[in-house]
Amino acid sequence: MNNVFIAADNITSPIGLTTADNFAQLKKGISGIKQHNDKTIDDEPFMASLFNKEQFATNQEYTKFEQLLIASITDALANCDIDPNDKKTGLIISTTKGNISLLETEENNEALQKRIALPSSAKLVAKHLGFVNEPVVVSNACISGIMAVLTAMRLIRAGQYENVVVAGADVITKFVLSGFQSFQAISVESCKPFDADRTGITLGEGAATMILTSNSKYSHNVKVVSGAVSNDANHISAPSRTGEELAFAINSSLKQAEISVDDIDFISAHGTATSYNDEMEAKAIDLAGLQNVPTNSLKGFYGHTLGAAGLIESIISIQSLKENVVLPTPGFSTIGVSTPINICKNLLPGNYKTFLKTASGFGGCNAAVLFSK
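Conventions used here
Residues numbered from 1 in each chain as written. Predicted model: local features only at pLDDT ≥ 70, side-chain atom pairs only at ≥ 80, totals over all residues. Heavy atoms only, no water. Core = buried A, V, L, I, M, F, W, Y, C linked by side-chain atoms within 4.5 Å. Buried < 20%, exposed > 50% of the residue type's maximum accessible area, 1.4 Å probe, protein only. Contact = heavy atoms within 4.5 Å. Helix = DSSP H or I, 4+ residues; strand = E, 2+ residues; numbered from the N terminus. Expected span 1.5 Å × (residues − 1). Pairing = 2+ DSSP bridges. Salt bridge = Lys/Arg side-chain N within 4 Å of Asp/Glu carboxyl O. 1 Å grid on protein atoms, 1.4 Å probe; cavity = no way out; pocket = protein on both sides within 12 Å on 5 of 7 lines; lining within 4 Å. Points joined across faces, edges and corners; volume = space filled by probe spheres on them. Nonpolar A, V, L, I, M, F, W, Y, C, P; charged D, E, K, R; others polar. Phe/Tyr/Trp six-rings, centres within 6.5 Å; stacked < 30°, edge-to-face > 60°. Lys NZ or Arg CZ within 6 Å of the ring centre and 35° of its normal.

Student: So what's going on with the nonpolar core? Residues and values would help.
Tutor: Of all hydrophobic cores here, the largest spans 47 residues; its most connected members are Val149, Met210, Leu212, Val224, Tyr302, Ile316 and Phe371. When near neighbours in sequence (up to four residues on either side) are disregarded, Ile316 contacts Ile11, Asn22, Phe23, Leu26, Leu298, Tyr302 and Leu327. Counting residues in hydrophobic clusters, the runner-up holds 29 residues, among them Tyr62, Ala76, Cys80 and Ala169.

Take a look at the structure:
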């Protein structure tokens, strides 16, 4: 298989506007989650990681969602020499909700439905940044970010592109928060992934960009090794009770890479802090033989950023590879899953080469991807 390298990346979040800023803050234990009193989102106070109102505010040309994508992609492109105007460069956009919040404020007519269609946003962003190829949209619940990376990897290996810019974003609105509230899935405090006292999800907004390339100029960088997706075929919203399907995606990723569980140095788990997700994910990690591998969830820093989550958390973990330090899991104290796994409580220095990123989402979707330096 052709090597696929990461030429540049960016994280745009309430914690920071570059990858370096975000990682520096996370090493200090700083989280973007705090209590908000925003009547446009909820009548009651709620916990979330949100941008300030004046940041990326919707204007006549671009929505907040689109501005986040533009800001993140622009910064990533500035840190490499990959040209969006090159026919060998593709663009993939990852999101779960896009501009759906316009339904809250605008008249629902044909023009609005066209405006909130995900391809409309993707084309606007592509045109603004000078991409000549038509963008691809990946929207598959909470595995969207990882699935977009895997799609880019496969397009490059198939020879369709030399470079692919992968960007993901989502914003938190009344529509989004109320949806999770209807499942009684929102925690009244900051989330506690894998903890015995966890009570649910905390949401967050943000954007991230990862630029993938086959150009050997970037061969000194971290590379995407392999990955796989699977589906539980179990329930429209609840995850598998066994974890077998996520374990299948993990094992498929290992098989493709021709490596063993002993080669995985740490895991960046999905870790949403719902009772069912964390239980399933712990079972899957155990079934794959990775129960002793240091594992973290970054949701206590960012909240669940939906279509950006897989990208944000992969990029932070790539920084962990580069700096040889695994971040802790904010909110975690005591293991609260029936199949114990090795959850990081503190910064963990080491000599790291390869990590696994996992994700799962509504509709029973699962994804796993391996990165290595």
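The rest of the description comes next.
Student: So what about helix H8 (residues 244-257)? Which residues, and what values?
Tutor: Relative to the 20 Å expected for 14 residues at 1.5 Å per residue, H8 spans 20 Å between its end C-alpha atoms, a close match to the ideal helical length. Three or more residues of H8 are buried, namely Glu245, Leu246, Ala247, Ala249, Ile250, Ser252, Ser253, Leu254 and Ala257. As for H8, its buried residues are in contact with strand S9 (223-231), helix H9 (275-287), strand S14 (354-361) and strand S15 (365-372). In the stretch just after H8, Glu258 is the one whose phi turns positive, near 55°.

Student: Give a detailed account of the sheet that holds strand S2 (residues 34-36), specifying residues and quantitative values.
Tutor: On the basis of which strands lie adjacent, the open sheet formed by three strands has the order S2-S3-S7 and mixed pairing. A strand with exactly one partner marks an edge of an open sheet, and here the two such strands are S2 and strand S7 (203-204). Across three bridges, the pairing between S2 and strand S3 (residues 46-49) is antiparallel. Its bridge partner being in S3, His36 is matched across the sheet by Phe46.

Student: Which residues make up the pattern of salt bridges, and what values do they have?
Tutor: Should their charged atoms come close, side chains of opposite charge can pair. The full count for this structure, using the stated rule, is eleven salt bridges. With a closest N to O distance of 2.7 Å, Glu323 and Lys27 form a salt bridge. With Glu323 in helix H11 (residues 309-323) and Lys27 in helix H1 (residues 19-27), this residue pair connects regions lying 296 residues apart in the sequence. You can call Glu323 partly exposed: its relative accessible area is 36%.

Student: Kindly report on the layout of surface pockets, identifying the contributing residues and their values.
Tutor: Rolled over the atoms, a probe sized like a water molecule indicates the empty space that remains. The space that makes up the largest pocket amounts to roughly 590 Å³. Taken together, 26 residues form the lining of the largest pocket, with Thr40, Lys53, Lys64, Ile172 and Thr173 sitting closest to its centre. Breaking the lining of the largest pocket down by element, the ones donating at least two residues are helix H2 (64-78) and helix H3 (102-105). Here the element with the most residues in the lining of the largest pocket is H3; it accounts for three residues. Taken together, the residues that form the lining of the largest pocket break down as nine nonpolar, eleven polar and six charged. Volume-wise, the second largest pocket comes out at about 460 Å³. If you go around the second largest pocket, you meet 23 residues; those closest to its centre are Ala185, Ser237, Pro239, Thr274 and Phe362. When contributions to the lining of the second largest pocket are tallied by element, the ones reaching two or more residues are H9 and S14.

Student: Tell me about the packing of aromatic side chains, and please be specific about residues and values.
Tutor: Considering all chains together, one arrives at six aromatic pairs under this definition. A centroid spacing of 5.0 Å and a plane angle of 15° characterise the contact between Phe355 and Phe371, whose relative ring orientation is stacked. One end of the pair, Phe355, is in strand S14; the other, Phe371, is in strand S15, with 16 residues separating them in the sequence. In this structure, Phe355 and Phe371 share a single accessibility class: buried. Through successive ring pairs, a cluster of aromatic residues spans Phe266, Tyr352, Phe355 and Phe371. Over the ring of Tyr276 we find Arg241; its NZ or CZ atom is 4.5 Å from the centre of that ring.

Student: Account for the sheet that holds strand S10 (residues 266-268), naming residues and giving values.
Tutor: Taken in spatial order, the ten strands line up as S5-S4-S6-S8-S1-S9-S15-S14-S10-S11 in an open sheet, and their pairing is mixed. Looking at which strands have only one partner, the edges of the open sheet turn out to be strand S5 (136-138) and strand S11 (295-296). Where S9 meets S15, eight bridges bridge the pair, whose relative direction is antiparallel. Paired with Val229 across the bridge in S15 is Ala367.

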